[in-house]
Amino acid sequence: MTWFEAEQIDCYLRRLEQFLDEWRLEPIQMRIESAELTRTLNKVERVSNDDTSNPVFRQYLSELKYRIHLCRGQIEERLKRK
């Protein structure tokens, strides 16, 4: 994964976080985003499990994983209520 790809994931997460903050997602949209978050997390985990020699990039990936988990948790909680 390149820095550019990681930044694209960051932009995606920022948009999703904003939508979640504003409660702008319908249940079907949340299910779609949940599946996308799972795919994104798998991609980030594959890269972070590799021997990434750049500690800054490793930390960035760790922060992305944390944010993905937070978003997924919010979506799962909201879907339980619906």
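All of these numbers come straight from a predicted model, not from anything done at the bench.

Procedures and definitions
- Residues numbered from 1 in each chain as written.
- Predicted model: local features only at pLDDT ≥ 70, side-chain atom pairs only at ≥ 80, totals over all residues.
- Heavy atoms only, no water.
- Helix = DSSP H or I, 4+ residues; strand = E, 2+ residues; numbered from the N terminus.
- Buried < 20%, exposed > 50% of the residue type's maximum accessible area, 1.4 Å probe, protein only.
- Contact = heavy atoms within 4.5 Å.
- Areas by Shrake-Rupley, 256 points an atom, 1.4 Å probe, with all protein chains shown as cover.
- Lys, Arg positive; Asp, Glu negative; His and termini not counted.
- Charge placed at Lys NZ, Arg CZ, Asp CG, Glu CD.
- Salt bridge = Lys/Arg side-chain N within 4 Å of Asp/Glu carboxyl O.
- Expected span 1.5 Å × (residues − 1).

Chemist: Just give me the short version of the overall build of the protein, but keep the residues and values in it.
Modeler: Along the backbone of the protein there are three helices and zero strands. When the elements of the protein are put in sequence order from the N terminus, they spell out α-α-α. If you line up the protein on its principal axes, its C-alpha atoms span 45 × 20 × 15 Å. Looking at the 82 residues of the protein, the share that counts as buried comes to 35%. In the protein, 79% of the contacts between residues at least 6 apart in sequence involve partners at least 24 apart. When the accessible surface of the protein is totalled, it reaches about 5500 Å², and 49% of it is carbon and sulfur. Looking at the protein, you have 15 positive and 15 negative side-chain charges, and the mean spots of the two groups are 5 Å apart.

Chemist: With reference to specific residues and values, describe the side chain of Arg-72.
Modeler: When you line up the elements, Arg-72 lands in helix H3 (residues 55-81). Buried and unpaired, Arg-72 has Glu-76 as its nearest opposite-charge partner, separated by 4.3 Å. Leave out the neighbours within four places in its chain, and Arg-72 touches Ser-34, Leu-37, Thr-38 and Leu-41.

Chemist: Outline helix H1 (residues 3-21), supporting the account with residue identities and numerical values.
Modeler: Compared with an ideal rise of 1.5 Å per residue, which puts 19 residues at 27 Å, H1 spans 26 Å between its outermost C-alpha atoms and is within 8% of the ideal. Regarding H1, the residues found buried are Ala-6, Ile-9, Asp-10, Tyr-12, Leu-13, Leu-16, Phe-19 and Leu-20. Elements that come into contact with the buried residues of H1 comprise helix H2 (27-49) and H3. Within two residues after H1, Trp-23 carries a phi angle of roughly 55°, on the positive side.

Nothing here speaks to function; it is geometry throughout.
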